[in-house]
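# A structural walkthrough
What follows is each chain in one-letter form.
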Amino acid sequence: MNTSKCSVERGSGNVFADLDLPDADTHLLRAGLVSCIEDIVRQRSTTHADAARALDLSQTELSHLLRGDFREYSLERLLRFLIDLGCDIDIVIRPSASDTGGTLRIAAPELS
């Protein structure tokens, strides 16, 4: 049995920042939006072909998007996809509670 020791480091809550990727906050936000898109497609029990048509994407493009290949999609385009899927989007701007600066985050209640 291997008894080598492993070290564990607590993550920051943003895996992209933990990996020192550029624009980690924006990447995390885009990942959250894609997750919402996936939830809607799954909850509607629609085919990927029908969902792709609704988003004006090919079925291949939708599959890539839902598998995490979303680097080329802007925040604006992902928000447009959610609107096309029948979501209302509210952008709320308020003073930060932190002295270190503001944050971007998604608050999506159960989508149904």
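On a predicted model such as this, the values are computed, not experimentally measured, just so you know. (Residues numbered from 1 in each chain as written. Predicted model: local features only at pLDDT ≥ 70, side-chain atom pairs only at ≥ 80, totals over all residues. Heavy atoms only, no water.)

Here helix α2 (residues 24–43) spans 28 Å end to end across 20 residues, near enough to the 28 Å set by a 1.5 Å rise per residue. Among all positions of α2, only Ala24, His27, Leu29, Arg30, Leu33, Val34, Cys36, Ile37, Ile40 and Val41 are buried. (Helix = DSSP H or I, 4+ residues; strand = E, 2+ residues; numbered from the N terminus. Expected span 1.5 Å × (residues − 1). Buried < 20%, exposed > 50% of the residue type's maximum accessible area, 1.4 Å probe, protein only.)

At their nearest, the axes of α2 and helix α5 (residues 75–84) sit 10 Å apart, and the two run at 20° to each other. What the angle tells us is that α2 and α5 run roughly parallel. Crossing angle aside, the handedness with which α2 passes α5 is left-handed. Contacts from Thr26, Leu29, Arg30, Leu33, Val34, Cys36, Ile37 and Ile40 of α2 reach α5 at Leu75, Leu78, Leu79, Phe81 and Leu82. (Axes fitted to C-alpha atoms, helices over the stretch in contact; angles between N-to-C directions. Parallel < 35°, antiparallel > 145°, perpendicular 65-115°, else oblique. Left-handed = near helix turned anticlockwise from the far one by under 90°. Contact = heavy atoms within 4.5 Å.)

Now for the layout of surface pockets. By volume, the largest pocket amounts to about 970 Å³. Contributing to the lining of the largest pocket are 28 residues, with Asp90, Ile91, Arg105, Ile106 and Ala107 lying nearest its centre. Where the lining of the largest pocket is concerned, the elements lending two or more residues are α2 and α5. Across the lining of the largest pocket, the residue classes tally to 19 nonpolar, five polar and four charged. Space inside the second largest pocket adds up to approximately 170 Å³. Considering the residues around the second largest pocket, the lining is formed by Asn14, Asp25, Leu28, Leu29, Gly32, Gly102, Thr103, Leu104, Arg105 and Ile106. (1 Å grid on protein atoms, 1.4 Å probe; cavity = no way out; pocket = protein on both sides within 12 Å on 5 of 7 lines; lining within 4 Å. Points joined across faces, edges and corners; volume = space filled by probe spheres on them. Nonpolar A, V, L, I, M, F, W, Y, C, P; charged D, E, K, R; others polar.)

Here we take up the environment of leucine 65. Note that leucine 65 resides in helix α4 (residues 59–66). It is 7.3 Å that separates the C-alpha atoms of leucine 65 and valine 34, two residues lying 31 residues apart in sequence. Excluding residues within four positions of it along the chain, leucine 65 makes contact with Val34, Leu57, Phe70, Tyr73, Leu78 and Phe81.

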